[in-house]
Amino acid sequence: MTRVQTVETEVAIIGAGPAGLLLSHLLAHDGVESVVVEHRSRSHVESRIRAGILESAVVELLDKAGLGSRLAEEGQPHRGIYLQWPGHRHHVDFVELVGRGVHLYGQSELQLDLGRARDAEGQACYYAVSGTALHDVETDLPSVSFADAEGRPVRLEARAIAGCDGKHGPSRQSIPASVRSTFELGYPFAWLGILAAVPPSTDELIYAWHPEGFALHSMRSAAVSRLYLQVPVGTDVAEWSDEQIWDALATRLGEGQTGWELERGPIFDKAVLPFQSFVMAPMRHGRLFIAGDAAHTVPPTGAKGLNLAFADVALLAPALVSLLRDGDPRLADAYSDSALRRVWRSTYFSWWMTTTLHTTGDPFVSELQRTQLEMTVSSRARATALAESYAGLPIGA
Ligand code: FAS
Ligand code: PHB
């Protein structure tokens, strides 16, 4: 019978994604120790292609935490976005409207920065674990058990558990069903996303409504474009040849855009990204605190998923420091309500962007969508509301 190795720490963090690693970093800077437990390999976690847009408050948070140097060098500041429909393209200038923009910086780059920062501070992190289970979350001495990469049983004894394990992790289920409320909204479409070795055909993101379906032109660098197109739910990426993808993108982004052409190039990554909106409340039960996709997921149209995860952590870190270092439970008691206020605002904005820009095939809805877009680009008040939500509110607002 293999002896169980017992490890003691203050905070057991489940998940080495952006939420888990940022939380360990912020806790360490305030003298609270943590151990991170991750069930995928480090190379897998760092290779995932995901988000690209960072709100200005998140950029400030990362910079203040000493994580902003590569972001400052390689991240691209964007003033705003283009909203378009056939024959119309309008730039919404967030900086002019609300005094702040966004940064374009791939989540995979951020994951590398976070991993290196944690290495430099000797962060304890178990990768490639299995059988993660949470215990005694309603007591002051909760624990997490798992088998390490070599299959050896480990029990992590802590004073709090942070569930940063994404939408498929075990933390969510560790809040009793009698306590837990879940809210879910499905969408009848998904995105087919590509990475292509071709310079972007635009300086800032283009969100395009088109009768054949939505398209988004984003980017990762001066040499790599990131593009998405609306596809039916359940689409298999193998159904789309590279030529069909480029043809659809060229139509949806280019129709009626005189003098503009979409540059094509070799596609080196493509995947179908499902759409779902999900919120779980509360985001705290006893000594279990949930952050990031473990508590909520939003469709990517509003570029909110990653930003919400960081906003949760920006609230959770000081709450845990106050509770565990200073014995003051007030921020921890307020964490769930404070986090959920921003979660629902971002969920609403993601729903608004998604339902405004994705075609349903219903001509009546198409007229409403086109009108919504026209009103947004022709009314300063409406454009300001969009800018405020997309560029993001101050964290804690
Ligand atoms: P994550 O899911 O990133 O991390 C959770 C971690 O927990 C993972 O590493 C997982 O392996 C680990 N874990 C799970 N179960 C575990 C267990 N039992 N034991 C131990 N560890 C466990 N957001 C945007 O803003 N824009 C986008 O374009 C965008 N595109 C996306 C594309 C895809 C395919 C996906 C899945 C998400 C996308 N998102 C996007 C959202 C995404 O960026 C998330 O919001 C962000 O990764 C959330 O970070 P975390 O909460 O840390 O969760
Ligand atoms: C991206 O660059 O991956 C991206 C940008 C904006 C979105 C979604 C994804 O709304």
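Structure: above.
Calculation notes
- Residues numbered from 1 in each chain as written.
- Chains lettered and ligands numbered in written order.
- Predicted model: local features only at pLDDT ≥ 70, side-chain atom pairs only at ≥ 80, totals over all residues.
- Heavy atoms only, no water.
- Pairing = 2+ DSSP bridges.
- Helix = DSSP H or I, 4+ residues; strand = E, 2+ residues; numbered from the N terminus.
- Axes fitted to C-alpha atoms, helices over the stretch in contact; angles between N-to-C directions.
- Near = heavy atom within 4 Å.
- Polar contact = N/O pair within 3.5 Å; in protein donor to acceptor, adjacent residues only side chain to side chain.
- Areas by Shrake-Rupley, 256 points an atom, 1.4 Å probe, with all protein chains shown as cover.
- Nonpolar A, V, L, I, M, F, W, Y, C, P; charged D, E, K, R; others polar.
- Domains from an automatic or database assignment.

1. Section: the sheet that holds strand β4 (residues 53-55)
Turning to step 1, where the next piece is worked out: On the basis of which strands lie adjacent, the open sheet formed by 3 strands has the order β4-β8-β5 and antiparallel pairing. In the strand order of this sheet, the two ends are held by β4 and β5 (76-78), each with one partner. Strand-to-strand twist of the sheet, defined as the mean angle between neighbouring strand axes without regard to direction, takes the value 35°.
Turning to step 2, where the next piece is worked out: Judged from the 3 bridges that link them, β4 and strand β8 (residues 102-104) form a sheet pairing that is antiparallel. Bridge assignment links Glu-55 to a residue of β8, and that residue is Val-102.

2. Here we look at the site of ligand 2
Turning to step 1, where the next piece is worked out: The local shell around ligand 2 holds 15 residues, among which Tyr-207, Ser-218, Arg-220, Tyr-228 and Pro-300 are the closest.
Turning to step 2, where the next piece is worked out: Tyr-228 places a polar side-chain atom, nitrogen or oxygen, 2.6 Å from an oxygen atom of ligand 2.
Turning to step 3, where the next piece is worked out: One nitrogen or oxygen atom from the main chain of Ala-303 is found 3.5 Å from an oxygen atom belonging to ligand 2.
Turning to step 4, where the next piece is worked out: Considered on its own, ligand 2 offers 280 Å² of accessible surface; in the complex 97% of this is hidden by protein.
Turning to step 5, where the next piece is worked out: Elements supplying a minimum of two residues to the shell around ligand 2: β16 (215-219) and β17 (225-232).
Turning to step 6, where the next piece is worked out: Residue classes in the shell around ligand 2 are distributed as 9 nonpolar, 3 polar and 3 charged.
Turning to step 7, where the next piece is worked out: Three or more residues apiece are contributed to the shell around ligand 2 by two domains, here domain 1 (5-76 + 103-183 + 276-355) and domain 2 (188-275 + 362-391).

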